[in-house]
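Chain residues, written in single-letter form:
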Amino acid sequence: MTETPPAKSRPLRLVLALVGVALVLAAGLTWLNRRALAREALTGWLRAKGIQSEAQVEAFGPSAFIARLSVGDPKAPDFAAERVEVRYRLKFGGLDVTAVTLRKPVIRAQLRQDGLHVGALDPLVQEFMRRPPRPDAAKPRIAIDDGLLALATDYGPVRVAADAVVEDGKLTSLAATSAPARLRGRDFDVTVGAGALTANTRGGRIAVGLDVPVLSARTAAAELAGGRVVASADAPYPDFAKRRGDGALRVGARITAARLSSDDQRLTNAELATGFTGQTAGWIPTLVVTGAGRADLTARGAAFADGRVGAVQASLASDDLTWSRPKGDRVTATLRARAVADDLAMADLFAPDLDLRGTGVLDATPSRVRLTADLAAQGRGRYAGLGAPQAADGASLVAIKRAARGFRISAPAVALDLDTGRPAPLAARLGRPARLLPDSGGQVTLTDLSAPARLTVSGGGLPEVDATVRRLELGPAPFADLTIRAAASVGPIEEGKVEAAGRLRFGAAGISFAADRCAPVSVRRIELGENDVEGFAGRVCPAGGPVFVMKDGAWRVAANAEAVTASLPVALVRIDKAAGRITASGAGPRLTADVRVVTAQISDTGGATRFYPLDLSGQAGLAKGLLRAEFTARRPGRGVVAVARLLHEMANGRGGVDIETPEIQFADGGLQPVQISPMASAVGSPAVGSARFQGRFAWSSEGVASGGTLTVPSLDFVSPAGPVKGLKGIFLFESLAPLKALPGQSLSVAEIDTLVPITNIEASFGVENNVLTIAGGQAEVGGGKVRVETLEVPMAPGAPSRGVLILEGVQLHDLVEASPFGDKVEFDAKVSGRLPFEANGAKVRISGGELKAIQPGRISINRSALTGVQADGAIAAPTDVPDPNSTFTDFAYQAMENLAFDKLEATIESRHDGRMGVLFHIVGRHDPPQKQRIRLTLMDLIQRRFLGKPLPLPSGTGVNLTLDTSVNLDDLLADYAEYQKAKNSAPVQP
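Residues numbered from 1 in each chain as written. Predicted model: local features only at pLDDT ≥ 70, side-chain atom pairs only at ≥ 80, totals over all residues. Heavy atoms only, no water.

S.K.: Could you give an account of the overall build of the protein, naming the residues involved and the relevant values?
M.R.: Scanning the protein from terminus to terminus reveals 8 helices and 58 strands. Pairs at least 24 residues apart make up 48% of the contacts formed inside the protein by residues separated by at least 6 positions. By element, 57% of the accessible surface of the protein is carried by carbon and sulfur atoms, the whole surface being about 53500 Å². (Helix = DSSP H or I, 4+ residues; strand = E, 2+ residues; numbered from the N terminus. Contact = heavy atoms within 4.5 Å. Areas by Shrake-Rupley, 256 points an atom, 1.4 Å probe, with all protein chains shown as cover.)

Spelled out as structure tokens, the structure:
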């Protein structure tokens, strides 16, 4: 039987029934509208976060949610996915997401200086960053299928497409490709092609690969073109930096470039390959990585500052490479290195092959790098900067050029010490000497790369060099401070020697030497064709720059010179005490020079001194094969004596020098000819007048020629014969060394004030072999004429003069009267004759002289003036009487004291003792002032008592007398010289 419920419970049941029906209806309605509700729930949740979104739910059930989703501006959403599939499982209190799959997701993000931004999703990302997931939270599998990242940066857009899988919070696989892009900033410009990045995890390790073509890249310091970066890594994952323990690590990278340049360095077709295999241990703050690493660089070609190289192979390896960071990043390693280069070229230096090997120890931190290394280098080289040998180079420079054409380089032990914490970070030294061995012979040896070191050059005809290096720097601008002794023949310099101290610079800029102080220099010969300079010696001093520079086969010398001595054989002169500036340069046969002589002393080196030392100043220059010079000569402390202008053609060796004097004035108490030239010693002082000279020396391959003109408008001077007045003439010389004048030239003298005045003198002369020859000259003397048949006067001091004088009707009265023995001799005789003589200073010798009276005359010679008289006459006397000679000798003396002659002949011959012997033959009569006769008794005659007794010679006694007597001519001439000296003022000394 059915129990009827109470009446008051019916409404409750009805309500419950209605509620149940409502719930069923609501559940049905909810199930039917579940996608709309899910969409509203998702977009509402995002809207509550301030994120605008749109969603199209495709499916929503107890285990999966599938929808199409976009976040942000619908026209340009920050995130959009064609399909978002979320799988989960329900559990008490919530649900666990087991998988998320994003198909064709697109994320638009921005990478700015303040970080990464994803637009509308930024608030959600920041919230997740502030609230990381719980450690016990489920880690869903996340898969991205055909995803796209559109990243906007300050340097340009980047687009990356990727497929990725993440399981249990770890990346399982990644395959990403990047679209070609160009990124440009203030200091860089990079263009890359389509790149690829892959990552795969297997067995607790991750393998990563990267392949990015770099079409071009430019930074402030480097530029790359046609490059590619390929890298790979194999490491523990994710425990590489998560737990303590050991893990194997393998890293490799390869960078290729068609062209890689940095500043002045450039590589072509280069490849850098690196690899590392090691172990990792520790957390990130205490991470230690140890293992073996290797880097290999190859390039088909390379270029750098002032140089290039062909194929390059270099390797660097270490078996104990360690990277640690317990107290900051630090890298230590024992290194092995080798580099091989072909066809290395630096400016004009070429190395066909170069091999460098070494080992070292590296200890590096971000703030300091320390490296010690032992290197060995060897190879071959050649230097083309000197050019080919030239005929004008000189022996030493020819040997240098031959040595530069090919040589071996050997540096078996080079120690490097690099420490960036020092002011001078790099130091180098040689454990054993380094050598350069030319194929042509000889060697260059360097004992060390740091001071003190010694550099020597010897053998093979090379310059002999011995240098002590006080300081050596081998950097971008290498130099050496050294003291050097060298002997070489370079260019026009033959057998040059120098000892100098200073700084030698070498490298791409060439070779230069700047001296610290004056350097003694000597040169055996400076080759200037026919105008050579010999015996050059002096001091070369700095002049505000390098003394010597050589580059590309060209050299330059610029220096001051002092205490210079040299000889010029072509001009027979010597230079002493010279000071000035020298600038010279050359390249092969081309030579340019400029010599400025501030002061110098020039002296004559000829056999016969032509001039006394003079002060010299002027300038000489050589350009385009022409040597030009102009010098002014002065008497020490006085005015200009002469100006010399030189022109020489280097190509054919032809040239000349023109010498010109102003019109030189001579005055009593002033300038005298003998002060200029000893050749003017015959022009005694005081000389008054003027003279002017123009001359020229010319030379060629055929020889040397010279000539000149001496013009004397008027000159008064004192000669050994007495004062000379009014000397005039133009003297043409066809040779100056030796001195030679054209024959047949004329000169004139108004008067010679000698024993008797000699007037209207005219002569024809010439000079040859330094001998003045006079012919055809004549002078008026004693109413007659004296002609010069021949007269030779040597220009050399101390050499005797020789000549022959012809007398024509010369009255001897005035000549004898003016002589020192005029008080003892009276001579009224007009004679003609010939007198050959030789004169040397105050001594005159006559040989074979003959005189003959041309008319009757008279002779009166005091017997005290005659010595050694021997007479042979026609006076008859008895023979048997004692010593009759005394009587006849006395008759001869009486006859000579008062002799009127009709005929007189004399032969004159000098004797060895300096006396002049005269042999007279006289025919005449005894003609005393008072008539004389002999008075004898008959007994005197019978007994011959008159013999041996002085008897008067009767007047009118006929005389046919041969008289042999002598005169002390040397004493007479000495007395006359003293007389002239007293009569005229003393000569002015030069």
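Here the narrative resumes.
S.K.: Can you break down the pairing of strand β32 (residues 533–541) residue by residue, with the values?
M.R.: Judged from the 7 bridges that link them, strand β31 (residues 519–526) and β32 form a sheet pairing that is antiparallel. Bridging across to β32, I526 finds its partner in V533. One ladder, built from 5 bridges, connects β32 with strand β34 (residues 554–568); its direction is antiparallel. When the bridges of β34 are listed, E534 appears paired with S567. (Pairing = 2+ DSSP bridges.)

S.K.: Report on the environment of L386, specifying residues and quantitative values.
M.R.: With respect to the helices and strands, the residue L386 is situated in the loop between β21 (368–383) and α4 (395–404). Along the sequence, L386 and K551 sit 165 residues apart, while their C-alpha atoms lie 7.3 Å from each other.

S.K.: Describe the confidence of the model for the protein, with residues and values.
M.R.: Here the protein averages 79 in pLDDT, while 81% of its residues score no lower than 70. Averaged pLDDT values for the elements of the protein fall to 46 in helix α1 (residues 10–32) and rise to 93 in strand β24 (residues 434–438). Note that pLDDT drops below 50 for residues 7–32; the model gives that stretch 3 contacts with residues more than four away or on any other chain. Ignoring residues within four places in sequence, the model shows residues 985–990, a span with pLDDT below 50, making 13 contacts including any to other chains. (pLDDT = per-residue confidence, 0-100.)

S.K.: With reference to specific residues and values, describe the nonpolar core.
M.R.: Among the nonpolar cores identified, the biggest contains 131 residues, and I484, L715, F733, F827, I859, M896 and I922 are the most heavily contacted of them. Discounting chain neighbours no more than four positions away, the residues touching F733 are F693, S706, G707, G708, L710, L739, K740, A741 and V767. Core analysis: the second largest hydrophobic core is formed by 20 residues, V57, A67, F79 and V84 among them. (Core = buried A, V, L, I, M, F, W, Y, C linked by side-chain atoms within 4.5 Å. Buried < 20%, exposed > 50% of the residue type's maximum accessible area, 1.4 Å probe, protein only.)

S.K.: So what's going on with a nonpolar patch on the surface? Residues and values would help.
M.R.: Residues L197, V208 and L210 make up a contiguous nonpolar surface patch of roughly 180 Å² in combined accessible area. Inspection of the secondary structure puts L210 in strand β12 (residues 205–219). (Patch = residues over 30% accessible without salt bridge, like charges linked within 9 Å, V, L, I, M, F, W, Y side chains within 5 Å. Salt bridge = Lys/Arg side-chain N within 4 Å of Asp/Glu carboxyl O.)

S.K.: Please give an account of the state of the cysteines that cites residues and values.
M.R.: Overall, the coordinates contain 1 disulfide when judged by the stated rule. Linked covalently through their sulfurs, C518 and C541 form a disulfide whose S-S length is 2.0 Å. Its S-S torsion of about 110° marks the bond between C518 and C541 as right-handed, since a negative value means left-handed. One end of the pair, C518, is in the loop between β30 (510–515) and β31; the other, C541, is in strand β32, and 23 residues separate them in sequence. For C518, a relative accessible area of 31% puts it in the partly exposed group. Residue class for C541 comes out buried when judged on its relative accessible area of 6%. (Disulfide = S-S within 2.5 Å.)

S.K.: Let's hear about a negative patch on the surface: which residues, and what values?
M.R.: Taken together, the side chains of D814, E817, D823 and E826 define an acidic patch exposed on the protein surface. Mapped onto the elements, E817 comes out in helix α5 (residues 813–817). (Lys, Arg positive; Asp, Glu negative; His and termini not counted. Charge placed at Lys NZ, Arg CZ, Asp CG, Glu CD.)

S.K.: Describe the pattern of salt bridges, with residues and values.
M.R.: Considering all chains together, one arrives at 40 salt bridges under this definition. Across the pair R380 and D439 runs a salt bridge whose closest N-O atoms are separated by 2.6 Å. Here R380 is found in strand β21, whereas its partner D439 is found in the loop between β24 and β25 (443–446), with 59 residues between them in sequence. Classification of R380 as partly exposed rests on a relative accessible area of 29%. Its salt-bridge partner being E808, residue R787 comes within 2.6 Å of it at the nearest N-O pair. Within this pair, whereas R787 is found in strand β48 (residues 784–794), its partner E808 is found in strand β49 (residues 801–811), the two being separated by 21 residues in sequence. Residue R787 is classed as partly exposed on the basis of its relative accessible area, which comes to 30%. Residue E808 is classed as partly exposed on the basis of its relative accessible area, which comes to 34%. When salt bridges that share partners are traced, they join E494, E495, R524, R525, D532 and E534 into one network.

S.K.: Tell me about the environment of G301, residues and numbers included.
M.R.: Inspection of the secondary structure puts G301 in strand β16 (residues 288–304). Sequence separation of G301 and A258 is 43 residues, and the distance between their C-alpha atoms is 9.9 Å. Apart from residues no more than four positions distant in its own chain, G301 is found in contact with R266, L267, T268, V309 and G310.

S.K.: Outline the packing of aromatic side chains, supporting the account with residue identities and numerical values.
M.R.: The full count for this structure, using the stated rule, is 1 aromatic pair. In this structure, R382 packs its charged tip against the face of F350, placed 4.4 Å from the ring centre. Over the face of the ring belonging to F479 we find R503, whose NZ or CZ atom lies 3.9 Å from the ring centre. (Phe/Tyr/Trp six-rings, centres within 6.5 Å; stacked < 30°, edge-to-face > 60°. Lys NZ or Arg CZ within 6 Å of the ring centre and 35° of its normal.)

S.K.: Account for unusual backbone geometry, naming residues and giving values.
M.R.: At N269, a position not held by glycine, the phi torsion is positive, near 45°. In this structure, N269 sits in strand β15 (residues 265–281). A relative accessible area of 39% means that N269 is categorised as partly exposed. Its identity as a non-glycine residue notwithstanding, E495 has a phi of 55°, on the positive side. Its location among the elements puts E495 in strand β29 (residues 493–507).

S.K.: I'd like to hear about α4, residue by residue, with values.
M.R.: Extensive coverage of α4 is indicated by the burial of 7 of its 10 residues. Packing partners of the buried residues in α4 comprise β21, β22 (407–419), β24, β28 (479–490) and β33 (548–551).

S.K.: Explain the environment of A337 to me, and be specific about the residues and the numbers.
M.R.: The topology assignment puts A337 in strand β19 (residues 330–346). On the accessibility criterion, A337 (33% relative accessible area) is partly exposed. Distance from A337 to G358, taken between C-alpha atoms, is 5.3 Å for residues 21 residues apart in sequence. Aside from chain neighbours lying at most four places away, what touches A337 is S315, L316, L356, R357 and G358.

S.K.: Run through the pairing of β33, naming residues and quoting values.
M.R.: The sheet contact formed by β30 and β33 spans 3 bridges and is antiparallel. From the neighbouring strand, F513 faces β33, where its bridge partner is F548.

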